Amino acid sequence: MNKSKGNSATQEEYLKNLQRRQYRITAIQVLIFVLFLLLWETAVQLSWIDGFIFSSPSRILKTFGSMWADGSIFLHTGITLAETLVSFALVVIAGVGMAVLLWYNTELSEILEPYLVVLNSLPKSALAPLLIVWLGANMKSIIVAGMSVAIFGTVLNLYTGFREMDPDKIKLIYTLQGSRKDVLFKVILPGTVPLQLSVMKVNIGLCLVGVVIGEFIGARQGLGYLIIYGSQVFKLDWVIMSIVILCIIAMLLYGILNRIEKKFLTR
């Protein structure tokens, strides 16, 4: 009994130390960020750097406040976020579907795999101008640009994960007179959910990158448009504010998927 209580106390102390360590890490991260903002603002105020070129936290807040007042910041942020979420959803659906198709048809996978590798290696910024020409300067072309950054890597990663699934589990399904369809739905898809979630965490950032690249070239709204237009007319407060908002969006979307992954793994 005493040994059991001792183990319980030791475990509780370990968990408390782990929690304190996490709090300490978070506090240091916040402190570094606050010190960076203070140094940035101080450098501008003391003319160590040019505020017109490098902007400052106070100028960014002022710009954000003025765009908040006229509602334009909601329009640009909402459009970029919507395009990112749509492209991400399509990447998930198309990526899983194509990976399943390649796993199901070995001959097709051998034919297409070299092309997928080449397309995945191709700089996606080179495709964006063509997409604008082919599809027009509209939201559809920007969504496709967002998809193009993530789709090929998704298919390759998922297909590789499907092929590396535990062969003993697959043999067990066949031993029990199961079909290839049973292997897919009872072993492959459930067994690779952690991999799918991990790939999604990467893809959400890639889709955001692709959408911004598309907005650079063929948009009249969105944070990418604000960045490119602001740099052209030397409204650099717009540029840096948009970059900050993009960072916040990326962190929030990644955080949501990370929490979903943790809940799934815990369960």
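Everything quoted here is computed from the prediction, not taken from an experiment.

What counts as what
Residues numbered from 1 in each chain as written. Predicted model: local features only at pLDDT ≥ 70, side-chain atom pairs only at ≥ 80, totals over all residues. Heavy atoms only, no water. Patch = residues over 30% accessible without salt bridge, like charges linked within 9 Å, V, L, I, M, F, W, Y side chains within 5 Å. Areas by Shrake-Rupley, 256 points an atom, 1.4 Å probe, with all protein chains shown as cover. Salt bridge = Lys/Arg side-chain N within 4 Å of Asp/Glu carboxyl O. Helix = DSSP H or I, 4+ residues; strand = E, 2+ residues; numbered from the N terminus. Buried < 20%, exposed > 50% of the residue type's maximum accessible area, 1.4 Å probe, protein only. Core = buried A, V, L, I, M, F, W, Y, C linked by side-chain atoms within 4.5 Å. Contact = heavy atoms within 4.5 Å. Phe/Tyr/Trp six-rings, centres within 6.5 Å; stacked < 30°, edge-to-face > 60°. Polar contact = N/O pair within 3.5 Å; in protein donor to acceptor, adjacent residues only side chain to side chain.

A.B. asks: Teacher, can you tell me more about a nonpolar patch on the surface here?
C.D. replies: Judged by side-chain polarity, Val-30, Leu-31, Phe-33, Val-34, Leu-35, Phe-36 and Leu-38 come together as a nonpolar surface patch covering roughly 680 Å² of accessible area. Residue placement: Leu-31 occurs in helix α1 (residues 2–45). Relative accessible area serves as the criterion here: at 48%, Leu-31 is assigned to the partly exposed category.

A.B. asks: How do you make sense of the nonpolar core when you look at a structure like this?
C.D. replies: Side chains of nonpolar character tend, in soluble globular proteins, to be buried together. Among the nonpolar cores identified, the biggest contains 29 residues, and Phe-88, Met-200, Leu-223, Met-241, Ile-245, Leu-246 and Ile-249 are the most heavily contacted of them. Sequence-distant contacts of Leu-246, defined by excluding residues within four places in its chain, comprise Thr-80, Leu-208, Val-212, Leu-223 and Ile-227. Within the second largest apolar cluster, 21 residues are counted, among which are Val-100, Trp-103, Met-165 and Ile-170.

A.B. asks: Is there a simple way to explain the packing of aromatic side chains in this structure?
C.D. replies: Any pair of aromatic rings gets described here by the distance separating the centres and the angle formed by the planes. Taken as a whole and assessed by the stated rule, the structure comprises six aromatic pairs. Measuring from ring centre to ring centre gives 5.9 Å for Trp-103 and Tyr-104, while their planes differ by 70°; the resulting arrangement is edge-to-face. Taken together, a centroid distance of 6.0 Å and an interplanar angle of 35° make the contact between Tyr-229 and Trp-238 tilted. On the basis of relative accessibility, which here comes to 31%, the residue Tyr-229 falls in the partly exposed class. Judged by relative accessible area, Trp-238 falls into the partly exposed class, the value being 22%.

A.B. asks: What's the story with the environment of Asp-237 in this structure? I'm lost.
C.D. replies: Relative to the helices and strands, Asp-237 is located in helix α12 (residues 236–266). By relative accessible area, which is 14% here, Asp-237 ends up buried. Sequence separation between Asp-237 and Leu-127 is 110 residues, and the spatial gap between their C-alpha atoms is 29 Å. Within the structure, Asp-237 has its side chain in polar contact with the side chain of Ser-55 (distance 2.6 Å).

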